[in-house]
Amino acid sequence: MGWGGRLACALTVLLVMACAPPEQSVSGAEAGSASADETVHHWKLITTWPKNLPALGTAPERLADMVDTMSRGRLKIKVYGAGELVPAFEVFDAVSSGTAEMGHGAAYYWRGKIPIAAIFSTVPFGLTAQEMNAWLHHGGGMELWRELYEPFGLIPMASGNTGVQMAGWFNREINSIDDIQGLKMRIPGLGGEVFQRAGGVAVALPGGEIFTALQTGIIDATEWVGPYNDRAFGLHTIAKYYYYPGWHEPGATLEAIVNTQAFEALSPDLRRILEVASRAINQDMLDELTAKNSLALKDLMETHGVELRRLPDDVIARLKEISREVVAEAAGEDELSQRIYRSFEAFRENVVSYHEISEKAYINAR
Ligand code: CA
């Protein structure tokens with residue numbers, strides 16, 4: 001049994017233990033009413049990732065596998081890579097219109113349509129994975145995210161987190177803010193807007209197009225995720241310097257989006273299974289990347305001769321200054337966007353001061 005299968009079984013056991021009365025007390029009629037809906041649903045899940053890309057692309061596959069086991073085959077989800085049914089950046093519209101029942105991507109890809117959506121993937125100099133999960137699941141963030149997507153007939157779920165990313169791949173050293181003037185870099189979300197205002201040229205490209213764009217000079221630099229994912233794209237074969245820290249994506253949440261009508265057509269247990277599986281995948285991706293990034297970085301440096309560089313303090317300071325303005329502007333004028341921004345900012349302020357004396361103090365001390 002594969003990993004997804006094992007976790008699915010464990011989760012199924014937990015769910016059964018948590019929800020079901022003891023087996024012997026279930027009469028035929030009760031058993032019938034509890035599982036009356038044996039309808040088998042066949043769903044399409046479209047993604048913004050190349051098929052089976054490590055972690056980002058395997059997450060929806062694992063989710064589908066887990067849901068299949070937990071639902072006893074009543075919810076079958078077939079996963080399509082970017083471009084198989086629709087191009088990467090059309091996932092939101094395709095799930096909204098019902099072309100597919102489900103999608104997997106990142107909220108900042110839709111910021112052209114909904115500027116504030118970017119907050120639900122990541123904010124430059126914003127929350128870490130741990131903090132983002134806390135805001136979403138215990139700080140009011142998820143309720144706001146659902147409210148934001150409601151008019152599009154979509155239900156969002158957190159479904160993966162990359163942890164702190166790398167600043168990216170460059171073929172020239174970045175010694176001052178002047179070195180990014182005119183530099184064409186693939187960098188999405190609010191980070192891209194910050195980069196643009198700092199004098200660079202931000203280019204939006206789905207993951208599957210990055211390698212060729214950098215190789216052919218369409219872009220001069222790129223970020224993607226971190227060592228494990230970046231190595232899978234071969235970015236180390238076409239760029240020399242690997243910069244940190246990923247100021248622009250300190251804990252990017254990936255999203256699962258579900259067509260509201262399709263979701264509502266599910267029985268309550270299937271809805272819950274989908275939510276629990278998504279939450280499990282959300283944590284699992286972070287766990288996997290935390291385990292594999294450190295090994296991949298070592299390999300990139302020792303086997304492939306990649307040169308690791310830290311962005312200079314004054315460059316970071318300037319990017320941070322611009323980030324504050326960009327995030328505030330993304331909140332715009334409308335009432336919901338303002339509420340989302342205020343919720344995020346209030347949470348950030350509190351959690352950052354607590355983490356000063358907890359996570360950060362410990363990391364500095366060990
Ligand atoms: Ca990234």
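Every value quoted in this text rests on a predicted model; they were computed, and no experiment measured them.

### Describing the side chain of T47
Consideration 1: Structurally, T47 can be placed in strand β1 (residues 41-47).
Consideration 2: On the accessibility criterion, T47 (4% relative accessible area) is buried.
Consideration 3: In terms of polar contacts, T47 uses its side chain to reach the backbone carbonyl oxygen of W49, at 3.0 Å.
Consideration 4: What T47 contacts, discounting residues up to four positions off in sequence, is P60, V79, Y80, G81, A82, A88, V91 and H104.

### Description of the sheet that holds strand β3 (residues 102-105)
Consideration 1: Overall, mixed pairing links the five strands, which are arranged β2-β1-β3-β10-β4 in an open sheet. The sheet terminates laterally at β2 (75-80) and β4 (154-161), the two strands that pair on one side only. Sheet twist, expressed as the mean angle between neighbouring strand axes with direction ignored, is 25°.
Consideration 2: With six bridges joining them, β4 and strand β10 (residues 253-259) adopt antiparallel strand pairing. For N161, the partnering residue across the bridge sits in β10 and is T253.
Consideration 3: Against the sheet, helix α3 (residues 58-70) engages β1, β2, β3 and β4, with an angle of about 165° to β2.
Consideration 4: Of the strands in this sheet, β4 and β10 touch helix α6 (residues 141-149), which is tilted by about 135° from β4.

### Brief notes about the packing of aromatic side chains
Consideration 1: Using the criterion set out here, one finds 16 aromatic pairs in the structure.
Consideration 2: Summarising the aromatic geometry, the rings of W145 and Y149 are spaced 6.0 Å apart at their centres and angled 70° between planes, so their arrangement reads as edge-to-face. With W145 and Y149 both in helix α6 and four residues apart, this pair spans about one turn of that helix.
Consideration 3: The class for W145 is buried, based on a relative accessible area of 0%.
Consideration 4: Judged by its relative accessible area of 0%, Y149 falls in the buried class.
Consideration 5: Seen from the ring of Y80, K78 lies directly overhead, with NZ or CZ sitting 5.2 Å from the centre.

### Focus on the pattern of salt bridges
Consideration 1: Under the definition given, this model contains 24 salt bridges.
Consideration 2: Between D299 and R231 there is a salt bridge; the shortest N-O distance is 2.9 Å. With D299 in helix α11 (residues 268-302) and R231 in helix α9 (residues 227-233), the pair connects residues that are 68 residues apart, well separated along the chain.
Consideration 3: What emerges from the salt-bridge pattern is a single network uniting R62, D284, E288 and K292.

### Some points on the coordination of the calcium ion
Consideration 1: In this structure, Q165 (OE1), E223 (OE), E223 (OE), W224 (O) and E249 (OE) serve as the protein donors to the calcium ion, at separations of 2.1 to 2.8 Å.
Consideration 2: Along the chain, the residues donating to the calcium ion fall in the pattern Q-x57-E-W-x24-E. Here the residue W224 occupies a position in the loop between β8 (221-222) and α9, and E249 occupies one in the loop between β9 (241-244) and β10, the gap between them amounting to 25 residues. Comparing W224 with E249, the two get one shared label, buried.

### Details of the confidence of the model for the protein chain
Consideration 1: Summary statistics for the protein chain give a mean pLDDT of 91 and a share of 90% for residues scoring 70 or more.
Consideration 2: Predicted confidence for residues 13-33 stays below pLDDT 50, and this span has seven contacts to residues more than four positions away or in other chains.

Rules of the game
- Residues numbered from 1 in each chain as written.
- Predicted model: local features only at pLDDT ≥ 70, side-chain atom pairs only at ≥ 80, totals over all residues.
- Heavy atoms only, no water.
- Helix = DSSP H or I, 4+ residues; strand = E, 2+ residues; numbered from the N terminus.
- Buried < 20%, exposed > 50% of the residue type's maximum accessible area, 1.4 Å probe, protein only.
- Polar contact = N/O pair within 3.5 Å; in protein donor to acceptor, adjacent residues only side chain to side chain.
- Contact = heavy atoms within 4.5 Å.
- Pairing = 2+ DSSP bridges.
- Axes fitted to C-alpha atoms, helices over the stretch in contact; angles between N-to-C directions.
- Phe/Tyr/Trp six-rings, centres within 6.5 Å; stacked < 30°, edge-to-face > 60°.
- Lys NZ or Arg CZ within 6 Å of the ring centre and 35° of its normal.
- Salt bridge = Lys/Arg side-chain N within 4 Å of Asp/Glu carboxyl O.
- Donors = N, O, S within 2.8 Å, 3.2 Å for Na, K, Ca; no water.
- pLDDT = per-residue confidence, 0-100.

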